[in-house]
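Given next are the chains, with one letter for each unit.
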Amino acid sequence: GNSVTQMEGPVTLSEEAFLTINCTYTATGYPSLFWYVQYPGEGLQLLLKATKADDKGSNKGFEATYRKETTSFHLEKGSVQVSDSAVYFCALTRPINDYKLSFGAGTTVTVRA
Amino acid sequence: GAVVSQHPSWVICKSGTSVKIECRSLDFQATTMFWYRQFPKQSLMLMATSNEGSKATYEQGVEKDKFLINHASLTLSTLTVTSAHPEDSSFYICSATRGSGKTQYFGPGTRLLVL
């Protein structure tokens, strides 16, 4: 079946630090990969996505590259801000069921000023 | 646009009672709504998918008589946890799609605690 494994948190960083959240997946075929973010008190929001191997998704300074050879989709940001404090979820959908999301457990990130 | 709300945001109830959670799309008509459940430090698990005016499709292992889903309009879906027990305590999250799109817009979640 499909599964997503992401690094456990919580992660605490200082402003302007480099952030990496590791995400690996297990799926048959070629899934689409997503990163969602949940800010305090709000619903999950789509942060970025990639639909095929070697695609790079990017948004708000965050990037993630779809690596089929390592079945990974690690999230990175070069210089975080306090406003990036949130819970980040890695997720995938399989092409055959392209509306059903399989989520990782989420990683809580806290950025201190 | 594409705001989804949930009500209540948290609820505490006694064991054996039923609890209803509402999910509303505030500024769009939701083609499909989804209900997820999340245990502490675990993934969101899809419980069921519902389309307006039709019966919900439940994921394997989810008791449809326990978790009643009603999708009565294009902007409202409800999840009723019947005869709740402490093991039903969890974070319940809904999402909705708009038109023919596949992007899911998520609500803020409802935390249920059954005593």
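Computed from a predicted model, the values in this text were never measured in an experiment.

S.K.: Tell me about the pairing of strand 2 (residues 10–13) of chain B, residues and numbers included.
M.R.: Residue and element names in this part refer to chain B. Residues of strand 2 alternate between two faces, with Val11 and Cys13 buried on one and Trp10 and Ile12 left unburied on the opposite face. Relative to strand 11 (residues 110–114), strand 2 runs parallel, the two being bridged by 4 bridges. The residue bridging cysteine 13 from the neighbouring strand is valine 114, located in strand 11.

S.K.: Run through the state of the cysteines, naming residues and quoting values.
M.R.: Residue and element names in this part refer to chain A. Enumeration over the complete set of coordinates arrives at 2 disulfides over all chains. With a sulfur-sulfur separation of 1.9 Å, cysteine 23 is cross-linked through a disulfide to cysteine 90. For the disulfide bridge between cysteine 23 and cysteine 90, the dihedral angle about the S-S bond is near -70 degrees, and by the sign convention the bridge is left-handed. Of this pair, cysteine 23 sits in strand 4 (residues 23–26) while cysteine 90 sits in strand 10 (residues 86–94), and the two are 67 residues apart along the sequence. Each member of the pair, cysteine 23 as well as cysteine 90, is classed as buried.

S.K.: Outline the nonpolar core, listing residues and values.
M.R.: Grouped burial of nonpolar side chains is what soluble globular proteins tend to show. Ranked by internal contacts, the top residues of the largest apolar core, which has 26 residues, are Trp35, Phe73, Leu75 and Tyr88 of chain A. Of all the secondary-structure elements, those providing two or more residues to this core are strand 2 (11–14), strand 3 (19–21), strand 4, strand 5 (32–38), strand 6 (45–50), strand 8 (62–65), strand 10 and strand 12 (107–112) of chain A. Ranked by residue count, the leading element in this core is strand 10 of chain A, at 4 residues. Aside from chain neighbours lying at most four places away, what touches tyrosine 88 of chain A is Gln6, Ile21, Trp35, Tyr36, Val37, Leu47, Phe62, Leu75, Gly106, Thr107 and Val109 of chain A. One finds Val4, Cys23, Leu79 and Ala84 of chain B within the second-largest nonpolar core, a separate group that totals 24 residues.

S.K.: Quick rundown of the environment of leucine 113 of chain B? Include the residues and the values.
M.R.: Residues and elements named next belong to chain B. Along the polypeptide, leucine 113 turns up in strand 11. By relative accessible area, which is 39% here, leucine 113 ends up partly exposed. Setting aside residues no more than four positions away along its own chain, leucine 113 makes contact with Val11, Ile12, Cys13 and Ser89.

S.K.: Lay out the sheet that holds strand 9 (residues 75–77) of chain A with the relevant residues and their values.
M.R.: Residues and elements named next belong to chain A. Strand order in the open sheet made by the 4 strands is 3-9-8-7, with antiparallel pairing throughout. The open sheet is flanked by strand 3 and strand 7 (56–59), the only strands paired with a single partner. On average, each strand axis in the sheet is inclined to that of its neighbour by 15 degrees, with strand direction left out of account. Direction of pairing for strand 3 relative to strand 9: antiparallel, over a ladder of 3 bridges.

S.K.: An account of the sheet that holds strand 3 (residues 19–25) of chain B is requested, with residue identities and associated values reported.
M.R.: In any sheet, the strands associate via hydrogen bonds between backbone groups, in a parallel or an antiparallel arrangement. Residues and elements named next belong to chain B. One open sheet holds the 4 strands; their spatial order is 1-3-8-7, and the pairing between them is antiparallel. At either margin of the open sheet sits one strand with a lone partner, and together these are strand 1 (4–7) and strand 7 (67–73). Neighbouring strand axes in the sheet, compared pairwise and without regard to direction, differ in orientation by 15 degrees on average. Bridge count for strand 7 against strand 8 (residues 76–81) is 5 bridges, and the pairing is antiparallel. Within strand 8, the residue paired with isoleucine 69 across the bridge is leucine 79.

S.K.: Can you lay out the interface of chain A and chain B for me, pointing to particular residues and giving the numbers?
M.R.: Counting residues at the interface gives 14 residues for chain A and 17 residues for chain B. Interface of chain A and chain B: buried area, both sides summed, is about 1300 Å²; carbon and sulfur atoms make up 59% of it. By the criterion of area lost to chain B, the three top residues of chain A are Leu44, Tyr99 and Phe103 of chain A, representing 37% of everything that side buries. Remark: the boundary between chain A and chain B carries 1 salt bridge. Lysine 100 of chain A is paired through a salt bridge with glutamate 59 of chain B; the nearest N and O atoms lie 2.9 Å apart. For the interface between chain A and chain B, the tally reads 1 residue pair in polar contact (both at pLDDT 80 or more). Within the residue set of the side of chain A that touches chain B, elements represented by two or more residues are strand 5 and strand 11 (97–103) of chain A. Considering every element that reaches the side of chain A that touches chain B, the biggest residue donor is strand 11 of chain A, with 5 residues. For the side of chain A that touches chain B, the residue count by class is 7 nonpolar, 4 polar and 3 charged.

Conventions used here
For every chain, the first residue of the written sequence is number 1, and numbering continues from 1 onward in sequence order. Chain A is the first chain written and ligand 1 is the first ligand written, with later ones labelled in order. Thresholds applied to this predicted model are a pLDDT of at least 70 for local features of residues and 80 or more for the giving and counting of side-chain atom pairs; totals over whole chains, interfaces and linings are not thresholded and use all residues. The basis for the side-chain values is all heavy atoms of the structure; hydrogens and waters are excluded. Partly exposed describes any residue whose relative accessible area lies between the buried limit of under 20% and the exposed limit of over 50%, with all areas from a 1.4 Å probe on protein chains only and scaled to the type maximum. What counts as a helix is a DSSP run of H or I of at least four residues, what counts as a strand is a run of E of at least two, and both are numbered from the N terminus. Note on pairing: two strands pair once DSSP finds at least 2 bridges between them. In this description, a disulfide is simply a cysteine sulfur pair whose atoms lie within 2.5 Å. Here, nonpolar core means buried Ala, Val, Leu, Ile, Met, Phe, Trp, Tyr and Cys residues that are tied together by side-chain atoms lying within 4.5 Å of each other. Residue contacts are counted whenever heavy atoms from the two residues lie within 4.5 Å of one another. Inter-axis angles, ranging from 0 to 180 degrees, are taken between N-to-C directions of lines fitted to C-alpha atoms, where helices are fitted over the stretch in contact. Buried area: the sum, over both parts, of the accessible surface (1.4 Å probe) that disappears when the two are put together. Salt-bridge detection follows one rule: a side-chain nitrogen of Lys or Arg within 4 Å of a carboxyl oxygen of Asp or Glu. Whenever a nitrogen or oxygen atom comes within 3.5 Å of another N or O atom, the pair is scored as a polar contact, on the condition that within protein one atom can donate a hydrogen and the other can accept it, and that pairs from neighbouring residues in sequence are kept only if both atoms are in side chains. Classification used: nonpolar for Ala, Val, Leu, Ile, Met, Phe, Trp, Tyr, Cys and Pro, charged for Asp, Glu, Lys and Arg, polar for all others including Gly.

All quantities given are derived from atomic positions and should not be read as evidence of function.
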